[in-house]
Amino acid sequence: KAEILAAAARARVSTLRILAIDPPQGIAVLEVGPRGDADFVAAVTLTSEEPADELDALLTIHRPDLVAIELVSREEGGRRVGGVYPKKGFGPKMAGNLYDSGRVAGELRDRARVRGYRVVLCGAPEWRSALGAADDGAVARLVPMRVKGWPKVSNKHNRDAAMVGIYCAMREGVALMKLRP
């Protein structure tokens with residue numbers, strides 16, 4: 001971390017390219033500044049049966065400084081634990097969706113790490129609390145305010161991914177500087 005901070009201090013460009021993922025479908029690519037201000041680069045919805053292959057293409061195209069992935073987890077006593085978000089009506093379909101999300105998150109995390117990218121993880125309760133996004137409606141209102149150039153039409157997974165990216169960039173404390181040749 002110290003090396004990154006020292007290099008960032010010498011940089012003239014003050015953004016960090018983030019590829020953020022809300023598994024199993026949402027991806028947002030942002031340029032995030034030192035105060036969490038962000039510029040829109042891309043929003044992608046993963047559609048194939050092989051999301052890791054789609055991620056490979058996105059990593060090649062966008063070359064992020066950081067890959068941020070939302071975990072399927074919850075907070076208890078200030079620490080992250082595995083599990084689910086108990087909700088009214090929880091049943092096999094929701095359990096299957098959570099399983100798929102966790103599986104895809106693991107595949108994408110591993111693929112990004114194998115390719116040498118720095119990967120950070122966070123749970124929804126973390127970023128929602130830190131960014132004041134209590135529910136999906138709040139996220140829908142906040143993303144266009146936080147991300148310059150965000151498209152007028154987007155899905156909730158892409159919006160969640162954008163918030164994951166902003167939060168992880170700010171949380172990592174790497175001065176959010178990108179070295180460019």
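Structure's up top.
Residues numbered from 1 in each chain as written. Predicted model: local features only at pLDDT ≥ 70, side-chain atom pairs only at ≥ 80, totals over all residues. Heavy atoms only, no water.

Asks: Honestly, the overall build of the chain in this entry has me stumped. Any pointers?
Replies: Helix and strand content of the chain: 6 helices and 8 strands. Helices and strands appear in the chain in the N-to-C order α-β-β-β-α-β-β-β-α-β-α-α-β-α. Expressed as a percentage of its 181 residues, the buried residues of the chain come to 44%. Once local pairs closer than 6 in sequence are excluded, the contacts in the chain between residues at least 24 apart make up 66%. Just so you have it, the chain exposes about 9,500 Å², and 54% of that area is on carbon and sulfur atoms. (Helix = DSSP H or I, 4+ residues; strand = E, 2+ residues; numbered from the N terminus. Buried < 20%, exposed > 50% of the residue type's maximum accessible area, 1.4 Å probe, protein only. Contact = heavy atoms within 4.5 Å. Areas by Shrake-Rupley, 256 points an atom, 1.4 Å probe, with all protein chains shown as cover.)

Asks: What should I look at first to understand the pairing of strand β3 (residues 38–45) in this one?
Replies: It is a general feature of regular strands that their side chains alternate between the two faces of the sheet. Pairing of strand β2 (residues 26–32) with β3, which is carried by 7 bridges, proceeds in the antiparallel orientation. Paired with Val32 across the two strands is Ala38, which belongs to β3. Linking two consecutive strands that pair antiparallel, namely β2 and β3, is a turn of 5 residues; a positive phi of about 85 degrees is found at Gly36 within it. (Pairing = 2+ DSSP bridges.)

Asks: What should I look at first to understand the pattern of salt bridges in this one?
Replies: If the charged atoms of two oppositely charged side chains come close together, the side chains can form a pair. Counted by the stated rule, this structure contains 9 salt bridges. Salt-bridge contacts for Arg171 lead to Glu126; the nearest nitrogen and oxygen are separated by 3.2 Å. Note that Arg171 is positioned in helix α6 (residues 156–172) and Glu126 in helix α4 (residues 124–131), a separation of 45 residues in sequence. Where Arg128 meets Asp136, a salt bridge forms, and the shortest distance between an N and an O atom there is 2.9 Å. Judged by its relative accessible area of 16%, Arg128 is buried. One connected set of salt bridges, linked through shared partners, spans Asp53, Asp56, Arg111 and Arg115. (Salt bridge = Lys/Arg side-chain N within 4 Å of Asp/Glu carboxyl O.)

Asks: Mind showing me how you'd approach the nonpolar core here?
Replies: Across soluble globular proteins, nonpolar side chains have a tendency to be buried as a group. Formed by 28 residues in total, the largest nonpolar core has its most connected members in Ile18, Leu30, Trp127 and Met163. Where this core is concerned, the elements lending two or more residues are β1 (16–22), β2, β4 (66–71), β7 (119–123), α4, α5 (136–146) and α6. Among the elements that make up this core, the one with the highest residue count is α6 (8 residues). Beyond its immediate chain neighbours, meaning those up to four positions away, Met163 contacts Trp127, Leu131, Ala133, Val139, Leu142 and Val143. By size, the runner-up hydrophobic cluster in this structure holds 18 residues, among which are Leu19, Ile21, Leu55 and Ala105. (Core = buried A, V, L, I, M, F, W, Y, C linked by side-chain atoms within 4.5 Å.)

Asks: Would you mind showing me how to read α6 here?
Replies: Structural remark: α-helix, 3.6 residues per turn; residues separated by three or four positions point the same way. For α6, built from 17 residues, the straight-helix expectation of 24 Å at 1.5 Å per residue is met to within 8% by its first-to-last C-alpha distance of 24 Å. Burial runs high along α6: 13 of the 17 residues are buried. For α6, the side-chain oxygen to backbone nitrogen distance between the N-cap and His157 is 2.9 Å, and the N-cap itself is Asn155. (Expected span 1.5 Å × (residues − 1). Polar contact = N/O pair within 3.5 Å; in protein donor to acceptor, adjacent residues only side chain to side chain.)

So, to be careful, I would describe these as geometric facts and stop short of saying anything about function.
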